Amino acid sequence: MTLVSTRARAIEPFRVVEVLGRARELEAEGRSVVHLEVGEPDFETAPMIVEAGVDALRAGRTKYTQALGIPELREAIALRYAQHGVSVDPRRIAVTTGASGALAILTQVLVDPDDEVLLSDPGYPCNATFVETAGGRPQLIEVGPETRYQLTSDLVAAHWSARSKGVFLAGPSNPTGTLVERDELESMASFCAARGGFVLVDEIYQGLVYAAAGAKELTETALGVVPDVFVVNSFSKYFGMTGWRIGWCVIPEDAIEATERVAQNLYIAPPAPSQYAALRSLDQDAIAVHEERRRIFAERRNVLLRGLDELGFDLPVEPAGAFYAYAGLPDGLEMSSESFCRWLIEDYGVAVTPGTDFGVHGAEEHVRFAFTTSTADIVEGLARMRTALGTRGF
Ligand SMILES: Cc1ncc(COP(=O)(O)O)c(C=O)c1O
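Only a predicted model underlies this, so the values are computations on that prediction, with no experimental measurement involved.

### Remarks on the overall build of the protein chain
Secondary structure summary: the protein chain contains 13 helices and 12 strands in total. Rg of the C-alpha trace for the protein chain: 21 Å, near the compact-globule value of 21 Å for 394 residues, within the 12% margin. Within the protein chain, buried positions represent 56% of all 394 residues. For the protein chain, long-range pairs separated by at least 24 residues make up 74% of all intrachain contacts whose partners lie at least 6 apart in sequence. Put simply, the protein chain shows about 16,700 Å² of open surface, and 50% of that area lies on carbon and sulfur atoms. Of the charged side chains in the protein chain, 35 are positive and 55 negative; the average position of the first set lies 4 Å away from that of the second.

### Overview of the pairing of strand 7 (residues 230-234)
Counting buried positions along strand 7 gives five out of five residues, so the element sits mostly inside the fold. In this structure, strand 6 (residues 198-202) lies alongside strand 7, joined through three bridges in parallel fashion. Following the sheet pairing, Asp202 is matched in strand 7 by Val232. In this structure, strand 7 lies alongside strand 8 (residues 247-250), joined through four bridges in antiparallel fashion.

### Brief notes about the domain arrangement of the protein chain
Split by domain assignment, the protein chain resolves into domain 1 (6-44 + 286-390) and domain 2 (47-283). Of note, the centres of domain 1 and domain 2, computed from C-alpha atoms alone, are 25 Å apart. Facing the 33 residues of domain 1 at the interface are 41 residues of domain 2. Here domain 1 packs against domain 2, burying approximately 3,200 Å² in sum over the two surfaces, 63% of which is carbon and sulfur. Its largest share of buried area at the contact with domain 2, domain 1 owes to His290, Ala320 and His361, together 19% of the area lost on that side. One can count zero salt bridges joining domain 1 with domain 2.

### Concerning the pattern of salt bridges
Across all of its chains, the model carries 20 salt bridges by this definition. Between Asp114 and Arg137 there is a salt bridge, and its shortest N-O distance comes to 3.2 Å. Highlighted residues: Asp114 in the loop between helix 5 (98-110) and strand 3 (116-121) and Arg137 in strand 4 (residues 137-142), separated in sequence by 23 residues. The closest approach of N and O atoms between Arg261 and Glu257, which form a salt bridge, is 2.9 Å. Here Arg261 pairs with Glu257, and both are found in helix 9 (residues 256-267), just four residues apart, close to one helical turn.

### Let's talk about the sheet that holds strand 12 (residues 366-370)
If you trace the three strands from one edge of the open sheet to the other, you get 9-12-11, paired in antiparallel fashion. The open sheet terminates on both sides in strands that have one partner only, identified here as strand 9 (324-328) and strand 11 (353-354). One ladder, built from two bridges, connects strand 11 with strand 12; its direction is antiparallel. If you follow Pro354 over to strand 12, its bridge partner there is Val367.

### Some details on the sheet that holds strand 4
Two modes of strand pairing occur in sheets, parallel and antiparallel, and in both the strands are linked by backbone hydrogen bonds. One open sheet accounts for seven strands, arranged 2-8-7-6-5-3-4; its pairing is mixed. Bordering the open sheet on either side are strand 2 (93-96) and strand 4, each of which pairs with just one other strand. On average, adjacent strands in this sheet sit at an angle of 25 degrees to one another, irrespective of strand direction. The sheet strands contacting helix 8 (residues 182-194) are strand 5 (164-170) and strand 6, and the helix crosses strand 6 at an angle near 145 degrees.

### Here's the deal with helix 12 (residues 337-348)
Residues three or four positions apart in an α-helix share a direction because the helix packs 3.6 residues into each turn. The end-to-end C-alpha distance of helix 12, which contains 12 residues, comes to 15 Å, matching closely the 16 Å that a straight helix rising 1.5 Å per residue would cover. Three or more residues of helix 12 are buried, namely Ser337, Phe340, Cys341, Trp343, Leu344, Ile345 and Tyr348. Tucked inside the fold, the buried residues of helix 12 contact helix 2 (15-28), strand 10 (350-351), strand 11, strand 12 and helix 13 (375-390). After helix 12 finishes, the residue Gly349 shows a positive phi value of roughly 65 degrees.

### Looking at the site of the ligand
Taken together, Gly98, Ala99, Ser100, Tyr124, Asn174, Asp202, Ile204, Tyr205, Ser234, Ser236, Lys237 and Arg245 make up all the residues around the ligand. Between the ligand and Tyr205, the relevant distance is 2.7 Å, taken from an oxygen atom to a side-chain nitrogen or oxygen of the residue. Arg245 places a side-chain nitrogen or oxygen 2.7 Å from an oxygen atom of the ligand. Relative to its free-state accessible area of 400 Å², the ligand is covered by the protein chains to the extent of 92%. Examining the composition of the shell around the ligand, we find that three residues originate from one element, helix 5, more than from any other. Tallied by class, the residues present in the shell around the ligand amount to four nonpolar, five polar and three charged.

### A few points about the environment of Arg386
Mapping Arg386 onto the fold places it in helix 13. Separated by 280 residues in the primary sequence, Arg386 and Leu106 place their C-alpha atoms 44 Å from one another. In this structure Arg386 touches Glu310 and Leu311, once residues within four positions along its chain are discounted.

Each value, and the rule that gives it
Residues numbered from 1 in each chain as written. Predicted model: local features only at pLDDT ≥ 70, side-chain atom pairs only at ≥ 80, totals over all residues. Heavy atoms only, no water. Helix = DSSP H or I, 4+ residues; strand = E, 2+ residues; numbered from the N terminus. Rg over C-alpha atoms; globule rule 2.2 N^0.38 Å. Buried < 20%, exposed > 50% of the residue type's maximum accessible area, 1.4 Å probe, protein only. Contact = heavy atoms within 4.5 Å. Areas by Shrake-Rupley, 256 points an atom, 1.4 Å probe, with all protein chains shown as cover. Lys, Arg positive; Asp, Glu negative; His and termini not counted. Charge placed at Lys NZ, Arg CZ, Asp CG, Glu CD. Pairing = 2+ DSSP bridges. Domains from an automatic or database assignment. Buried area = accessible area lost by both parts, 1.4 Å probe. Salt bridge = Lys/Arg side-chain N within 4 Å of Asp/Glu carboxyl O. Axes fitted to C-alpha atoms, helices over the stretch in contact; angles between N-to-C directions. Expected span 1.5 Å × (residues − 1). Near = heavy atom within 4 Å. Polar contact = N/O pair within 3.5 Å; in protein donor to acceptor, adjacent residues only side chain to side chain. Nonpolar A, V, L, I, M, F, W, Y, C, P; charged D, E, K, R; others polar.

Structural data, given as structure tokens:
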């Protein structure tokens, strides 16, 4: 007998966290580990943001705030959209505890018991859990290089059923770093709207786009193409604030009131000091720091992609953004992604994430490398992998 619910028992572990845990254990034993697993920038939060957080604490900004966030921050986020040519009423912006908080709230707002939600496989693993927690049924749809690992209107139409309620997209995506195509977004949105369904676009890696994207690909917000999609975003990645637990979502007018009630009930309010810090992260001097970091990520990306290619990893679609490379294991290696990751970390001190963290389709043949560590570490990680693969005749 267990007190633990069937639902909780069915939740898959987030394997990257387990890899990180093992890496930390090895480091505690004095081993050196190259971290190519973690999806968080290695940079500290920019100093002016930290100062703003400290100032907020000292000024006693330690109480609950409005459930949807302080008005100044909602207005500043709206202004950032306006600077990118997209007009968003600040009332439509809900500040949340990270993109995770936004996903938790929005699935409660959008999903009824037994509603199906279409998700890409591979994709961000927690999405399925958010849908299930709301009583819905995640429908994993296999995607591959032929659609740049993105859902398309054809795939959505082919998998839509009488029970379908909506579609989750992400651009740049985790784990593949690919972008959503503008035309596809438009067709998926009109297909869903015609059936009373929703489209939710996770834009947490927005701002972290490096490659010259194809003309059809969306490097800016989906709101500029379809004004009434649900958009999720965060201060975690581009703004370098993972531990502050602060993000936001943009919702259509008619969902504001429900979102506010759900937010009040689930979390009361996002963390107050983090909101003031996030406000500072949108100022021009802070943006200059984020942009410099983006440039550094771009350099690291190039070093990693070149190195992986030389080692025989398969990267049919290069990541345009985020900080990940989702690669097929070298041909003929005959190892599952989990065995490969265990072997690399235990014997060579290189931490990477198995494809099994991101779904089932092709998961045993793929691994995700994160370029969230220094170029020197990436070079070292590649050298260690060269030695590892060398022992297998590569
Ligand atoms: C695609 C995607 N969405 C959402 C999240 C959650 O991020 P946070 O809650 O830190 O904003 C992550 C974190 O890695 C992610 O990769």
